[in-house]
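Survey of secondary and tertiary structure
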Amino acid sequence: MNAPFEGIGASVRRKEDLRFISGRGNYTDDINRPNQTHAVIRRSDRPHATIVKIDTAAAKAAPGVVAVYTAEDLAAIGGLPCGWQIHSKDGSPMNEPKHPVLAEGKVRHVGDPIAVVIAETKQQARDAAELLVIELKDLPSTATVTDALKPGAGQVHDNAPGNVCYDWHLGDKEAVEAAFAKAAKVVTLDLENSRMIPNAMEPRVALAEFDRSTSDYTLYTTSQNPHVIRLLMGAFVLGLPEHKLRVVAPDVGGGFGSKIFHYAEEALVTWAAGKLGRPVKWTAERSESFMSDAHGRDHVSTAQMAVDAQGNFLALKVSTLANMGAYLSTFAPAVPTYLYGTLLAGTYKTPAIYVEVKAVFTNTVPVDAYRGAGRPEASFLLERLVDAVCHDTGADPVAIRRQNFIPRDAFPYQTPVALQYDSGDYFTTLDVALKNADYAGFPARKAAAAAKGKLRGIGVSTYIEACGIAPSAVVGSLGARAGLYEVANIRVHPTGSVTVFTGTHSHGQGHETTLAQLVTSQLGVPFSQVDIVHGDTAKIPFGMGTYGSRSLAVGGSAMVKAMDKIIAKGKKIAAHLMEASVEDIEFADGSFKVAGTDKVKTLSEIALTAYVPHNYPITEIEPGLDETAFYDPANFTFPGGCHVCEVEIDPETGVTSIVNFTAVDDFGRVVNPMIVEGQVQGGIAQGIGQALLEHAIYDESGQLLSGSYMDYTMPRADDLINISSATENTLCTHNPLGVKGCGEAGTIGSPPAVINAVVNALKEYGVRHINMPASPQKIWGIINAGRMAAE
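A brief structural summary. Keep in mind that what you see is a predicted model, and the values were worked out from it rather than measured.

Things to note about the overall build of the protein chain
- In terms of helices and strands, the protein chain carries 19 helices and 28 strands.
- Across its three principal directions, the C-alpha atoms of the protein chain cover 95 × 75 × 55 Å.
- Split into buried and exposed, the 791 residues of the protein chain put 60% on the buried side.
- Long-range contacts, defined here as pairs at least 24 residues apart, represent 80% of the contacts in the protein chain between residues at least 6 apart.
- Of the roughly 29,100 Å² that the protein chain leaves accessible, carbon and sulfur atoms contribute 52%.
- Within the protein chain, the 86 negative side-chain charges are centred at a point lying 1 Å from the centre of the 68 positive side-chain charges.

See below:
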């Protein structure tokens, strides 16, 4: 019996799932080291205050306490670095206040770390932390961008006047103004993109140890990019040479962007381990995560679209206020600029676009990338604006999108906001989505719902995103303080099995399966004989980690280049063994063959020869079969697609139910359709969560009101339905796999589709827009206000 096909295109079951579902995963909190201590952090309960006094005496005297540290003890180390610099319109660099590991002189948000207690047990550390006497003097505080910009508002940082981090712009303002002047109509929409709190299943953990005999540090941490953490923490915070710092990110239980960044706790336990000569472990409580993990989104925008009498888009103008929180997180400045403004063309051929973004400091948790990172914000704004155009002009939502799509024959397409799309077919994804959603049958379903006293609505969104953030030279010119290439090392063992050492990181995506499928397809090695290793800076040559749906597009392409080197070297060995010219050697399905003959050597035979070089061209080729490659992309990749959502609203309660959801996406070449479908479904669940349920709420002073699951509503199984997912793909033209990325698409296309459907359902009440989340309370209020007005 032939073995099942397990290469590119096969829905192979995830090989990593066996250890997860059998309880054999190895997460950071599962790791414990001999003589280990435990850290508990005392955090600010005030949004903005001067630290008057910290009395540590009682805490230090408590049972089991090993040490208590405050900012005074950490005076010799640096602050947490920001990985991206943005320049304002006038060319000046952004205001970049220090982000101390422990609060220095002031606290700037609820959750700001003030002191750390280290004890023999976690309970002892927790008890001692309660004994710290911290005297704070309240200062004026602000929680929203609009309040922070008001004259006389409290200043978060003295060196950021007016609470402004930067005032950035992109596009041709004059061309936009000229188009507005001749437009038949200009449609304006004010909207907000609500603040989100990432809630990965696994909370953050950091465990550090110091080896006195070698002066080496090891940090185990819940990270999406261990090499970046090593670089930032070693070079900028602790002043350690990289070869003296090992960072290990073992199994990670979800990240969604929130585990990209370098956090204070990582530096704190590493520094403390060196001071104490003992391992130090910190594990976040869930309530602690709400006020210490970077939040996402939080934009306030005004968008304007100029259209002609025929409904053609002439120009787009966007003004956005982006909340940075109290400090700049690792990639925060890039999210509302180069990951947002550059995507405002969307799927449309709008000839002129201008966007300005003002980034604002507030007394809230820092804001950074959350699944999609800038792309969901851009898609939501643009797709809601398109529906507002339809509302104001009477245009059909589907027809106006189709009319303004970038034509199929226009690729590569240069947008007015810097990016050049290499491929896409927005007409096909739209048409297939409408068919799969039975869009034509909606009027009948709406009538049936009305007969039951329910409101029915349908919404469409078409989206595009930029993935595989690259190339390094381009992003460097835009402010990135690191390269964005990827690295792969392919090691073919003497018996022909393969180990892949990749700089990407898996935290739920299924890399151990999909990356193995690449090896099976290219080298012909059985799927079961391929192992994937990631997450350890001592084993991986280097790597930039996983975010921005880059793992296949960038990391997979590095693997292809390394395997090309394996094949090239194998051809030389095969030519020697079979007494042929290298040019006559062909490689396919795991075997080297002399063209036109029956002479064949398998990859296993070549590998054995490479490691046991008795009959080997030793003067021409080194022994071994182990190759490394770096891949720096030529461009972003541009997944796109169409999502169609159908909702039903109970007018008596305001509760919205998703009754149908259809996604048709263009991801380029699909390696594992089953895993792709899972990624899409998970992303849509998070998008629905933002659209209908989730909302991080601060009061006017900066107190977090939604600081637990009692007040922050996560989507549950009964909030969701079976999601129809399909792909209609065009290949990426500039990477060797033709892949585009799929991990964030669900969170990009779904929120506007849901809100468009809700607004459509409320059309009879004159609703033009509703901000996320469209909660039952909000919808019930709209319906009842409409009823009262009618009376």
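Here's the deal with the sheet that holds strand β5 (residues 113-119)
- Pairing is mixed across the open sheet formed by seven strands, whose spatial order is β3-β5-β1-β12-β9-β10-β11. Edge positions in the sheet fall to β3 (65-70) and β11 (245-248), since each has one partner strand and no second. Each adjacent strand pair in this sheet contributes to an overall mean axis angle of 20°, direction not counted.
- Here β3 runs beside β5; their pairing, made up of five bridges, is antiparallel. Among the inter-strand pairings, V68 is bridged to a residue of β5, identified as V117.
- Across the sheet, helix α3 (residues 122-129) touches β1 (37-43), β3, β5 and β12 (280-283), and the angle it forms with β1 is around 25°.
- The strands that helix α7 (residues 264-276) touches are β1, β3, β5, β9 (205-211), β10 (216-221), β11 and β12; relative to β9, the one it contacts most, it runs at about 25°.

Regarding the packing of helix α6 (residues 226-238) against α7
- Closest axis-to-axis distance for the α6/α7 pair is 11 Å, and the angle between their directions is 65°. Relative to α7, α6 is oriented so that their crossing is right-handed. Where α6 abuts α7, its residues I229, M233, V237 and L238 lie against E266, A267, T270 and W271.
- Its residues assigned to classes, the contact of α6 with α7 shows six nonpolar, one polar and one charged.

Comments concerning α7
- For α7, with 13 residues, the first-to-last C-alpha span of 18 Å sits near the 18 Å given by 1.5 Å per residue.
- Most of α7 is tucked away, with twelve of its 13 residues classed as buried.
- If you check which residues of α7 are buried, you get A264, E265, E266, A267, L268, V269, T270, W271, A272, A273, G274 and L276.
- Immediately downstream of α7, the backbone of G277 shows phi near 70°, a positive value.

So, the sheet that holds strand β23 (residues 591-594)
- If you trace the three strands from one edge of the open sheet to the other, you get β22-β23-β24, paired in antiparallel fashion. Lying at the two open borders of the sheet, with one neighbouring strand each, are β22 (585-588) and β24 (600-602). Neighbouring strand axes in the sheet, compared pairwise and without regard to direction, differ in orientation by 25° on average.
- In the sheet, β22 pairs with β23 via four bridges, with the strands oriented antiparallel. Within the sheet, the bridge partner assigned to F587 lies in β23 and is F592.
- The strands touched by helix α16 (residues 603-611) within the sheet are β23 and β24, with β24 carrying the most contacts at an inclination of about 75°.

Parameters and conventions
Residues numbered from 1 in each chain as written. Predicted model: local features only at pLDDT ≥ 70, side-chain atom pairs only at ≥ 80, totals over all residues. Heavy atoms only, no water. Helix = DSSP H or I, 4+ residues; strand = E, 2+ residues; numbered from the N terminus. Buried < 20%, exposed > 50% of the residue type's maximum accessible area, 1.4 Å probe, protein only. Contact = heavy atoms within 4.5 Å. Areas by Shrake-Rupley, 256 points an atom, 1.4 Å probe, with all protein chains shown as cover. Lys, Arg positive; Asp, Glu negative; His and termini not counted. Charge placed at Lys NZ, Arg CZ, Asp CG, Glu CD. Pairing = 2+ DSSP bridges. Axes fitted to C-alpha atoms, helices over the stretch in contact; angles between N-to-C directions. Left-handed = near helix turned anticlockwise from the far one by under 90°. Nonpolar A, V, L, I, M, F, W, Y, C, P; charged D, E, K, R; others polar. Expected span 1.5 Å × (residues − 1).

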